[in-house]
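# Topology and contacts: notes
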Amino acid sequence: QVHLVESGGGLVQAGESLRLSCAASGSIFGINVMSWYRQAPGKQRELVAAITSGGTTNYADSVKGRFTISRDNAKSTVYLQMNSLKPEDTAVYYCHTVRIGTIVWGQGTQVTVSS
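Residues numbered from 1 in each chain as written. Predicted model: local features only at pLDDT ≥ 70, side-chain atom pairs only at ≥ 80, totals over all residues. Heavy atoms only, no water.

### Observations concerning the pairing of strand E1 (residues 2-7)
Side-chain alternation along E1 places Val2, Leu4 and Glu6 on a buried face and His3, Val5 and Ser7 on a face that remains uncovered. Examined bridge by bridge, E1 and strand E3 (residues 18-26) share six bridges and lie antiparallel to one another. Across the sheet, residue Glu6 finds its bridge partner in E3, namely Cys22. (Buried < 20%, exposed > 50% of the residue type's maximum accessible area, 1.4 Å probe, protein only. Helix = DSSP H or I, 4+ residues; strand = E, 2+ residues; numbered from the N terminus. Pairing = 2+ DSSP bridges.)

Right, here's the structure in full:
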């Protein structure tokens with residue numbers, strides 16, 4: 001069983017930065033892709049960024065050039081560096097992975113960006 005624990009959310013002003021972390025524990029062998037999703041009030045959960053074990057990345061158009069996903073395989077941790085934050089980035093951010101066909105979500109961390 002895999003457990004994901006996010007940290008690093010908070011309240012910031014527009015234009016500021018935050019760094020989210022997601023630590024994986026448990027049966028992590030074989031995990032390839034790790035992702036960040038977000039869900040704003042009244043909206044569907046959406047993919048923000050993803051990274052493979054080899055370092056290949058993918059971003060939502062809305063965050064390209066502002067967010068950077070990275071991972072430390074030795075620490076089983078994935079990061080999301082968020083720069084130039086906008087009020088529309090306000091959401092609960094969730095870490096996500098799939099291991100042997102089982103989808104795993106973290107508990108989420110709130111990011112609030114004030115204008």
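Now that the structure has been shown, we can carry on.
### Brief notes about the packing of aromatic side chains
Applying the stated criterion across every chain, the model contains two aromatic pairs. When the centroid spacing of 6.2 Å and the interplanar angle of 85° are considered together, the rings of Tyr94 and Trp105 count as edge-to-face. With a gap of eleven residues between them, Tyr94 in strand E9 (residues 91-99) and Trp105 in strand E10 (residues 102-105) connect regions that are remote in the sequence. Taking relative accessible area as the criterion, Tyr94 reaches 14% and is therefore assigned buried. Through pairs of rings, three or more aromatic residues link up here, namely Tyr37, Tyr94 and Trp105. For Arg45, the ring lying beneath its charged end belongs to Tyr94, and the centroid distance is 3.7 Å. (Phe/Tyr/Trp six-rings, centres within 6.5 Å; stacked < 30°, edge-to-face > 60°. Lys NZ or Arg CZ within 6 Å of the ring centre and 35° of its normal.)

### Details of the pattern of salt bridges
With the rule as written, the count across this model stands at four salt bridges. A salt bridge links Arg38 to Glu46; its shortest N-O distance comes to 2.7 Å. The buried category is assigned to Arg38, whose relative accessible area is 6%. Residue classification places Glu46 among the partly exposed positions, given a relative accessible area of 34%. The structure contains a network of salt bridges with shared partners spanning Arg38, Glu46, Arg66 and Asp89. (Salt bridge = Lys/Arg side-chain N within 4 Å of Asp/Glu carboxyl O.)

All we've got here are geometric facts, nothing functional implied.
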